[in-house]
Amino acid sequence: MSQTFDEISSQLRKRHRRSARLKWISMGALGLAGLFLLWFFSDMLGKGLPAFQQAQIQVEVDYNEDASRMGRAALDPDLSRLVSRTFERMIPVQIRENPELLGTSETRWVLANAQVDQYLKGHRHKLNEQQVVLVDELLAEGRVELKFNTNFFTTGDSKMAEASGILSAAVGTVMTMLVTLAIAFPIGVMTAVYLEEFAPDNRFTQLIEININNLAAIPSILFGLLGLAIFINFFGVPRSSPLVGGMTLALMTLPVIIIATRTALRSVPDSIRHAAFGVGCSRWQMVRDHVLPLAMPGIMTGSIIGLAQAMGETAPLIIVGMVAFIPDVGASFTEAATVLPAQIFTWAGEPEKAFVEKTAGGILVLLTILIFLNATAVILRKKFERRW
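Thresholds, definitions, all that
Residues numbered from 1 in each chain as written. Predicted model: local features only at pLDDT ≥ 70, side-chain atom pairs only at ≥ 80, totals over all residues. Heavy atoms only, no water. Pairing = 2+ DSSP bridges. Helix = DSSP H or I, 4+ residues; strand = E, 2+ residues; numbered from the N terminus. Axes fitted to C-alpha atoms, helices over the stretch in contact; angles between N-to-C directions. Contact = heavy atoms within 4.5 Å. Expected span 1.5 Å × (residues − 1). Bend = angle between axes of the 7 residues up to and from the residue. Buried < 20%, exposed > 50% of the residue type's maximum accessible area, 1.4 Å probe, protein only. Parallel < 35°, antiparallel > 145°, perpendicular 65-115°, else oblique. Left-handed = near helix turned anticlockwise from the far one by under 90°. Nonpolar A, V, L, I, M, F, W, Y, C, P; charged D, E, K, R; others polar.

*Asks:* Would you mind going over the sheet that holds strand 3 (residues 144–148) with me for this structure?
*Replies:* Paired through their backbone hydrogen bonds, the strands of a sheet run either parallel or antiparallel. Here we have three strands laid out as an open sheet, ordered 2-1-3, and antiparallel in their pairing. A strand with exactly one partner marks an edge of an open sheet, and here the two such strands are strand 2 (104–111) and strand 3. Across the sheet, the mean angle from the axis of one strand to that of its neighbour is 35°, orientation sign disregarded. Packing of helix 4 (residues 85–97) onto the sheet brings it into contact with strand 1 (53–63) and strand 2, and relative to strand 1 it is tilted by some 45°.

Here it is as structure tokens:
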């Protein structure tokens with residue numbers, strides 16, 4: 001049945017209105033997502049930036065016999081309630097390392113406790129009225145200041161918020177990622193090369209491909225249960241160690257690297273392979289000398305993204321015990337360690353308000369690393385990508 005010009009025009013107007021509505025709905029959804037992202041970063045910056053400053057008090061320290069024996073510095077009783085307990089605990093250690101300090105005194109800046117720190121930052125605190133007056137007097141005299149918090153980057157975890165840092169977690173993260181990279185990258189690349197270049201197309205290889213795609217989609221906590229059952233319970237790998245954490249994350253990263261590598265290999269034109277065969281190369285020589293070098297930018301990009309995803313995982317590492325209290329940096333891959341996501345998780349569960357900014361500060365550090373890794377992946381891909 002033929003349509004009149006008016007009917008066709010009416011249908012076109014309806015289509016144009018639907019297209020316009022879809023366009024505005026899409027732009028609204030994108031704008032809403034941008035607002036949520038802006039709110040998230042604003043909230044993290046507002047809560048996390050104070051973590052990079054820490055209150056310090058200038059005090060007169062007397063290194064006497066009581067300080068050497070009892071670990072208590074000879075401070076004014078009122079000031080001693082404002083100073084972090086970590087300072088007094090270090091007095092005997094300092095005297096043992098430098099015996100000439102005994103019998104001397106010096107004026108130095110020391111770490112204030114968390115309540116003084118929270119008061120100076122305008123947050124809720126538990127200082128009484130007398131202590132608030134004393135802090136205000138010290139502030140007027142220039143004996144209390146907010147300084148850059150070097151302890152946040154140079155110390156490990158502590159039960160006292162003012163002394164907590166991310167050093168042990170950062171080192172544990174690096175060690176865990178090294179194990180993950182050493183296992184997942186060669187196995188993932190070799191598996192992808194075999195499936196893409198050498199394996200016959202039969203039901204067995206199709207089953208393997210289906211399982212690889214399924215493994216890339218399952219919840220990460222299941223990899224933690226697998227690591228607990230196989231690596232710890234069966235093989236006896238030390239619990240809470242970077243070794244078991246890296247092996248567990250390697251299982252999770254393998255499917256990502258395999259899929260990315262296969263995609264990179266497929267992007268190499270078949271003419272390259274035919275040319276290699278034409279000059280007498282074997283299949284392995286063709287892959288090694290021609291296909292892999294051209295696919296390497298894509299392989300590196302996928303591997304970096306896979307490692308960045310593994311670095312942000314917490315659930316599988318909790319299962320294998322990497323949420324331990326680790327104040328010192330581990331010396332080997334088999335000693336107990338923790339990682340940045342697990343450290344953030346631990347701080348988030350602490351009851352003290354001072355740990356809130358530590359949690360947000362740790363998130364900012366982790367986000368910075370992840371953004372850097374993803375930016376590196378994009379830059380490498382843009383720099384070495386070849387279009388055919």
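*Asks:* Is there a simple way to explain helix 10 (residues 220–234) in this structure?
*Replies:* Structurally, the α-helix is built with 3.6 residues per turn, so residues lying three or four positions apart point the same way. With 15 residues, helix 10 should reach 21 Å at 1.5 Å per residue; the first-to-last C-alpha distance of 20 Å fits that figure. Of all the bends in helix 10, the largest measures some 30° and sits at G227. Of the residues making up helix 10, those classed as buried are S220, F223, G224, G227, F231 and I232. Looking at the buried positions of helix 10, the neighbouring elements they touch are helix 9 (203–215), helix 11 (242–266) and helix 14 (315–319). Looking one or two residues beyond helix 10, the residue adopting positive phi is G236, at roughly 75°.

*Asks:* Quick question: what am I supposed to make of the packing of helix 1 (residues 5–48) against helix 16 (residues 354–384) here?
*Replies:* Two quantities define a packed helix pair, namely the angle between the helix axes and the distance between the axes. Closest axis-to-axis distance for the helix 1/helix 16 pair is 7 Å, and the angle between their directions is 125°. Taken together, the axes of helix 1 and helix 16 lie oblique to each other. The interaxial crossing formed by helix 1 with helix 16 has left-handed handedness. Seen from helix 1, the contacting residues are F40, F41, M44, L45, K47 and G48; seen from helix 16, they are E357, A360, G361, I363, L364 and L367. Tallied by class, the residues present in the contact of helix 1 with helix 16 amount to eight nonpolar, two polar and two charged.

*Asks:* Help me out: how do you make sense of the environment of L307 in this one?
*Replies:* Position of L307 relative to the elements: it lies in helix 13 (residues 283–311). Here L307 falls in the buried class, since its relative accessible area comes to 16%. Taking the C-alpha atoms as reference, L307 lies 9.8 Å from N374; in sequence the two are 67 residues apart. Residue contacts for L307: discarding those within four places in its chain leaves M177, T180, L181 and T253.

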